[in-house]
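# Secondary and tertiary structure notes
Given next are the chains, with one letter for each unit.
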Amino acid sequence: MTIIDISRKLEIGMPSWPGDTPFSYEVSWSKEESGSVNVGKLTMSIHMGTHIDAPFHFDNDGKRTYDLDLSVYIGTAYVVDLTGKEKISRSDLESLPIDGIERLLIKTNSWKDSTVFPETITYLDADVGEFLAEKGIVLIGVDVPSVDPLDSKELAAHHSLHANGVHILEAVNLEHVDEGVYELIALPLAIVEGDGSPVRAILRSI
Ligand SMILES: Nc1ccccc1C(=O)C[C@H](N)C(=O)O
Ligand SMILES: [Zn+2]
Ligand SMILES: [Zn+2]
């Protein structure tokens, strides 16, 4: 069985959302000190690297991470390459062979240098939520840190996806992935009050 890892590495110095908590890892209790084991301490924004958004991230009354339906994060996914677009609208997706497929991963290739936070990214139009719901899509994944423009405050795409029951996976790495149908696994951690979760996202060929 071939596993394709589509997760970004979590490491010190990786780019984070401007002003947000950076990633840090340290051994806070060493083997020498504890007498038996190294114990690590992790600090990071939840929206670091490859992660899912819980609706609470952008809606005070929205679901928290632990309450998310795990079946959303496992199952068939279609990877489409839409490199070179400023934004992605319903018309860009209408001809995709996604009948019977419940997840869509979009390769935008718009995060050019993964060692620095991008200045602009390809984003989704607010008409995408309704279209995906009509198609029976329950999750959308993008290879950039947001489904909206980076300076957006309204978050039109986040809200339209949520209103249509489409869950959000952000900052996957699809550089090495060809278009086609796969099985996706990208489970959130059981963070009770979370507004999202880092995930280890993988694809399996089917
Ligand atoms: N971390 C942030 C800090 C400030 C403002 C936005 C963000 C975000 O993370 C938004 C992005 N659309 C996200 O869901 O990951
Ligand atoms: Zn996020
Ligand atoms: Zn988001």
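Please read all numbers here as calculations on a predicted model, not as lab measurements. (Residues numbered from 1 in each chain as written. Chains lettered and ligands numbered in written order. Predicted model: local features only at pLDDT ≥ 70, side-chain atom pairs only at ≥ 80, totals over all residues. Heavy atoms only, no water.)

### Regarding the site of ligand 1
Taken together, W17, D20, H47, H51, D53, H57, P145, S146, H158 and E170 are the residues near ligand 1. Within the side chain of E170, one N or O atom sits 2.9 Å away from an oxygen atom of ligand 1. Coverage of ligand 1 by the protein amounts to 76% of the 360 Å² it exposes when considered alone. Along the lines of polarity and charge, the residues of the shell around ligand 1 split into 2 nonpolar, 5 polar and 3 charged. (Near = heavy atom within 4 Å. Polar contact = N/O pair within 3.5 Å; in protein donor to acceptor, adjacent residues only side chain to side chain. Areas by Shrake-Rupley, 256 points an atom, 1.4 Å probe, with all protein chains shown as cover. Nonpolar A, V, L, I, M, F, W, Y, C, P; charged D, E, K, R; others polar.)

### What about the UniProt feature "binding site: substrate" (unreviewed entry) in the protein chain?
Mapped onto the present numbering, the UniProt feature "binding site: substrate" (unreviewed entry) falls on W17. Apart from the residues lying within four places of it in its own chain, the contact partners of W17 are F117, P145, S146 and L150. (UniProt positions renumbered as here; feature names shortened; annotations may be inferred. Contact = heavy atoms within 4.5 Å.)

### Topic: the coordination of the zinc ion (ligand 2)
H47 (ND1), H51 (NE2), D53 (OD) and E170 (OE) make up the full set of protein donors to the zinc ion (ligand 2), lying at 2.0 to 2.4 Å. Its 6 donor atoms give the zinc ion (ligand 2) angles of 58 to 177° at the centre, a pattern that matches the irregular case. Mapped onto the sequence, the residues coordinating the zinc ion (ligand 2) show the spacing H-x3-H-x1-D-x116-E. Metal-to-metal, the separation of the zinc ion (ligand 2) and the zinc ion (ligand 3) is 3.3 Å; D53 coordinates the two. (Donors = N, O, S within 2.8 Å, 3.2 Å for Na, K, Ca; no water. Tetrahedral: all angles 85-135°; square planar, octahedral: opposite > 155°, others 65-115°.)

### Looking at the side chain of D125
Position of D125 relative to the elements: it lies in the loop between β8 (123–124) and α3 (128–135). A polar side-chain atom of D125 sits 3.0 Å from a polar atom in the side chain of S89. Those residues in contact with D125 that lie beyond four places of it in its chain are K87, I88 and S89. (Helix = DSSP H or I, 4+ residues; strand = E, 2+ residues; numbered from the N terminus.)

### What about the coordination of the zinc ion (ligand 3)?
In an ideal tetrahedron of four donors about a metal, each angle is 109.5 degrees. In an ideal octahedron of six donors, the angles are 90 or 180 degrees. Within the protein, D53 (OD), H158 (NE2), E170 (OE) and E170 (OE) serve as the donor atoms for the zinc ion (ligand 3), at 2.0 to 2.6 Å. What the 6 donor atoms of the zinc ion (ligand 3) show is an angle range of 54 to 155° at the metal, which sorts the shape as irregular. Sequence spacing of the donors to the zinc ion (ligand 3): D-x104-H-x11-E.

### Comments concerning the sheet that holds strand β9 (residues 139–142)
The mixed open sheet is built from 9 strands, whose spatial order is β1-β13-β11-β5-β7-β9-β10-β4-β12. The open sheet terminates on both sides in strands that have one partner only, identified here as β1 (3–5) and β12 (196–198). Adjacent strand axes in the sheet meet at a mean angle of 30° when their direction is disregarded. Relative to strand β7 (residues 103–107), strand β5 (residues 74–81) is paired through 5 bridges, and the arrangement is parallel. Along β7, the bridge assignment pairs D81 with K107. (Pairing = 2+ DSSP bridges. Axes fitted to C-alpha atoms, helices over the stretch in contact; angles between N-to-C directions.)

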